[in-house]
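As a plain string of letters, each chain reads:
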Amino acid sequence: MGGIAMKRSGVAKGVFEHRQTIKKRMMFMRLIVKSLCLITLTISSAVFGKTLTVPGMYSTIQGAINAADPAGQDQIIVSPGIYSENIFIEGENIVLTSIDPANPDVVENTIIKGNWLRSTVHFSGTETPNCILQGFTITHELLNETSSGISGRGTKATISNCIIKNNRSGYT
């Protein structure tokens, strides 16, 4: 009988060692995952800079634009709503986006509604393709010769997934 007990304890020892090996591998995998998450966060903050929210941190889109670092590739995320304002992007290479620019319902309900005798969205013309405007409906409440949706002035900004409607301009 002593041989059977010895075999069982040897099996138990093997199972224990196998479990310890699995635990070590799991700890190592968790360390790798945590490291990858940290690297991803570091890279994304280097690529995007700060994240500013409207209306969370700022009540207006222009307020968030003014607070953004022009060279820092800050990201401004705007929740659905009607924002009655004209916005001026004066060379800032920012990412100005709705919360989900790929969702047509979000785009339709995240509205920048101009209210001056100027363009709703005004670019200075010095923006690079890294300046991104995406996921908005851009409209104007004053329909006259100077109320256009976007004034680009030769901008190289990237404009995508936007609805531009109810605008008019006498300029070409």
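Residues numbered from 1 in each chain as written. Predicted model: local features only at pLDDT ≥ 70, side-chain atom pairs only at ≥ 80, totals over all residues. Heavy atoms only, no water.

What to know about the overall build of the chain
Step number 1: Helix and strand content of the chain: three helices and 12 strands.
Step number 2: Expressed as a percentage of its 172 residues, the buried residues of the chain come to 33%.
Step number 3: In the chain, the proportion of contacts linking residues at least 24 apart, taken out of those at least 6 apart, comes to 71%.
Step number 4: When the accessible surface of the chain is summed, it comes to about 10,500 Å², and 61% of that surface belongs to carbon and sulfur atoms. (Helix = DSSP H or I, 4+ residues; strand = E, 2+ residues; numbered from the N terminus. Buried < 20%, exposed > 50% of the residue type's maximum accessible area, 1.4 Å probe, protein only. Contact = heavy atoms within 4.5 Å. Areas by Shrake-Rupley, 256 points an atom, 1.4 Å probe, with all protein chains shown as cover.)

Re the pattern of salt bridges
Step number 1: Throughout the structure, instances matching the rule amount to one salt bridge.
Step number 2: In this structure, Asp-74 engages Lys-50 in a salt bridge whose closest nitrogen and oxygen atoms are separated by 3.7 Å. Of this pair, Asp-74 sits in the loop between helix H2 (61-67) and strand S2 (75-78) while Lys-50 sits in the loop between helix H1 (2-48) and strand S1 (51-54); the two residues are 24 residues apart in sequence, bridging distant segments of the chain.
Step number 3: Here Asp-74 falls in the buried class, since its relative accessible area comes to 2%. (Salt bridge = Lys/Arg side-chain N within 4 Å of Asp/Glu carboxyl O.)

Looking at the pairing of S2
Step number 1: Where S1 lies against S2, four bridges are found, and the strand directions are parallel. Following the sheet pairing, Leu-52 is matched in S2 by Ile-76.
Step number 2: Looking at chain direction, S2 and strand S5 (residues 95-98) are connected through four bridges and run parallel. When the sheet's bridge partners are listed, Val-78 is paired in S5 with Ser-98. (Pairing = 2+ DSSP bridges.)

Examining the side chain of Thr-97
Step number 1: By the element assignment, Thr-97 lies in strand S5.
Step number 2: Of the residues examined, Thr-97 reaches a relative accessible area of 4% and is grouped as buried.
Step number 3: Only 3.2 Å separates the side chain of Thr-97 from the side chain of Gln-134, close enough to count as a polar contact.
Step number 4: Apart from residues no more than four positions distant in its own chain, Thr-97 is found in contact with Gln-75, Ile-76, Ile-77, Val-78, Gln-134 and Phe-136. (Polar contact = N/O pair within 3.5 Å; in protein donor to acceptor, adjacent residues only side chain to side chain.)

Some details on the nonpolar core
Step number 1: Formed by 21 residues in total, the largest nonpolar core has its most connected members in Ile-61, Ile-65, Ile-76, Val-78, Leu-96 and Phe-136.
Step number 2: For this core, the secondary-structure elements that each account for two or more residues are S1, H2, S2, strand S4 (87-89) and strand S7 (121-123).
Step number 3: Counting residues per element, this core draws most heavily on H2, at three residues.
Step number 4: Sequence-distant contacts of Ile-65, that is, excluding residues within four places in its chain, are made with Ile-76, Ile-87, Phe-88, Ile-89, Glu-92, Ile-94 and Leu-96. (Core = buried A, V, L, I, M, F, W, Y, C linked by side-chain atoms within 4.5 Å.)

A closer look at the sheet that holds strand S8 (residues 132-134)
Step number 1: Reading across the sheet, the five strands line up as S1-S2-S5-S8-S11 and stay open at both edges, with parallel pairing between neighbours. Of all the strands in the sheet, just S1 and strand S11 (158-160) have a single pairing partner and so form its edges. Neighbour-to-neighbour, the strand axes of this sheet turn through a mean angle of 15°, independent of strand direction. (Axes fitted to C-alpha atoms, helices over the stretch in contact; angles between N-to-C directions.)

Quick look at unusual backbone geometry
The general pattern is negative phi for most residues beyond glycine and trans for most peptide bonds.
Step number 1: Here Val-54 and Pro-55 are connected by a cis peptide whose omega angle stands at 5°.
Step number 2: Note that Pro-55 resides in the loop between S1 and H2.
Step number 3: Positive phi, close to 50°, is recorded for Asn-161, a residue that is not glycine.
Step number 4: Mapping Asn-161 onto the fold places it in the loop between S11 and strand S12 (163-164).

Structural notes on the confidence of the model for the chain
Step number 1: Here the chain averages 83 in pLDDT, and 74% of its residues register 70 or above.
Step number 2: Low pLDDT (under 50) marks residues 41-45, which in the prediction has one contact with non-local residues, meaning those over four places away or in another chain. (pLDDT = per-residue confidence, 0-100.)

Remarks on the environment of Ile-65
Step number 1: Along the polypeptide, Ile-65 turns up in helix H2.
Step number 2: By relative accessible area, which is 1% here, Ile-65 ends up buried.
Step number 3: The sequence separation of Ile-65 and Phe-88 amounts to 23 residues, and the corresponding C-alpha distance is 8.1 Å.

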